[in-house]
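# Fold and contact review
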Amino acid sequence: MVDQKDKIVVRLARDNADHLVPAHFYDILMHRFFPVLSLTYISSVVGIAAKQDSFLHYMFADRKAYLMALFVVLWVAVPGVIWIFLKGNPVQTYVADIWYKILAGIMVVTLMLSFVLFPEADIFGLRLYFVASIPAFIMMYFFFVKSGLPPLAAHPLNMAGLGMLVYGAILNLFLG
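Residues numbered from 1 in each chain as written. Predicted model: local features only at pLDDT ≥ 70, side-chain atom pairs only at ≥ 80, totals over all residues. Heavy atoms only, no water.

Quick look at the environment of R127 now. Relative to the helices and strands, R127 is located in helix α5 (residues 126-132). Filtering out sequence-adjacent residues up to four positions away, R127 remains in contact with L111, S114, F115, F118, P119, A121 and D122. (Helix = DSSP H or I, 4+ residues; strand = E, 2+ residues; numbered from the N terminus. Contact = heavy atoms within 4.5 Å.)

Shown next, in the form of structure tokens:
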């Protein structure tokens, strides 16, 4: 028979409570992710409108620039969303940075190969704006790894991007 002193009792206790979202999730979204997306959206809308023949018309009365800029923002957002999910997972937090680099690198290489393999597949000139989004990948990585923007800079930038998004939605609603 097993003696009482030979029994080993192991008690596992967690030191943290469960959370639905990772720690610092609000900070990651508001001071790191959304400011870069807002800046990308604003610069894409202005760049697309400036390339057209009438800047004021395409900036304030046409929905084309706002729709095309959404594709650029979605392109830039993919590695950032993956980084947020990996960083929030306690088991995989240490690989978030390398996966961001790998995914952004794959997206850039895919874009460059599309110029070589499919030179005629430039839909509305959008591929050029995808190339212009490469600095946004670098900027987003810098903000993710180092630190986010201070609230004094992040919140106005977020509001400006949201305002342009709402204005583009209103243009789509009434001109669509």
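Below, the discussion takes up the confidence of the model for the protein. Residues at a pLDDT of 70 or more form 89% of the protein, whose mean pLDDT is 84. At the low end of the mean pLDDT range in the protein sits α5, at 76; at the high end sits helix α7 (residues 151-175), at 92. (pLDDT = per-residue confidence, 0-100.)

Core analysis: the largest hydrophobic core is formed by 41 residues, its most contacted members being F33, V45, M140 and F144. Sorting the residues of this core by element identifies α1 (25-51), α2 (55-60), α3 (64-88), α4 (96-117), α5, α6 (134-145) and α7 as the ones contributing at least two each. The element that contributes the greatest number of residues to this core is α3, accounting for 12 residues. Setting aside residues up to four positions removed in sequence, M140 forms contacts with F33, V36, L37, V76, G80 and Y100. (Core = buried A, V, L, I, M, F, W, Y, C linked by side-chain atoms within 4.5 Å. Buried < 20%, exposed > 50% of the residue type's maximum accessible area, 1.4 Å probe, protein only.)

Moving on, we come to the packing of aromatic side chains. How two aromatic rings sit relative to each other is set out by the distance from centre to centre and by the angle between their planes. Inspection of the entire model under this criterion finds 7 aromatic pairs. Consider the rings of Y100 and F144, whose centres lie 6.1 Å apart with planes at 85°: the pair is edge-to-face. Taken together, the positions of Y100 in helix α4 and F144 in helix α6 put the pair 44 residues apart, joining distant regions of the chain. Owing to a relative accessible area of 3%, Y100 belongs among the buried residues under this scheme. Among the residues examined, F144 registers a relative accessible area of 2% and is labelled buried. Consider the rings of F142 and F143, whose centres lie 6.0 Å apart with planes at 55°: the pair is tilted. The exposure class assigned to F143 is buried, which follows from its relative accessible area of 13%. Aromatic ring contacts, followed pair by pair, group F33, F34, W83, Y100, Y141 and F144 into a single cluster. (Phe/Tyr/Trp six-rings, centres within 6.5 Å; stacked < 30°, edge-to-face > 60°.)

Right, let's get into the side chain of T40. As for its placement among the helices and strands, T40 is situated in helix α1. Owing to a relative accessible area of 5%, T40 belongs among the buried residues under this scheme. If sequence neighbours within four positions are ignored, T40 has contacts with V72, V73, V76 and A136.

Our next topic: the packing of α4 against α6. For any two helices packed against each other, one specifies the inter-axial angle together with the distance between the axes. Two elements in contact, α4 and α6, have axes separated by 11 Å at closest approach and are oriented at 180°. The orientation of α4 with respect to α6, classified from their angle, is roughly antiparallel. Taking contact as the criterion, the partners of D97, Y100, K101, A104, M107, V108 and M112 in α4 are, on α6, I134, A136, F137, M140, Y141, F144 and V145. By residue class, the composition of the contact of α4 with α6 is 12 nonpolar, no polar and 2 charged. (Axes fitted to C-alpha atoms, helices over the stretch in contact; angles between N-to-C directions. Parallel < 35°, antiparallel > 145°, perpendicular 65-115°, else oblique. Nonpolar A, V, L, I, M, F, W, Y, C, P; charged D, E, K, R; others polar.)

Mapped onto the elements, S114 comes out in helix α4. According to the relative accessible area criterion, S114 is buried, its value standing at 16%. Considered as a pair, S114 and R127 are 13 residues apart in the sequence and their alpha carbons are 8.8 Å apart.

With that settled, consider a nonpolar patch on the surface. Together, L67, L70, M159, L162, L165, V166, I170, L173, F174 and L175 make up an exposed nonpolar region whose accessible area comes to about 940 Å². For the nonpolar patch, the elements supplying multiple residues, two or more each, are α3 and α7. Considering each element in turn, the nonpolar patch owes the most residues, 8 residues, to α7. (Patch = residues over 30% accessible without salt bridge, like charges linked within 9 Å, V, L, I, M, F, W, Y side chains within 5 Å. Areas by Shrake-Rupley, 256 points an atom, 1.4 Å probe, with all protein chains shown as cover. Salt bridge = Lys/Arg side-chain N within 4 Å of Asp/Glu carboxyl O.)

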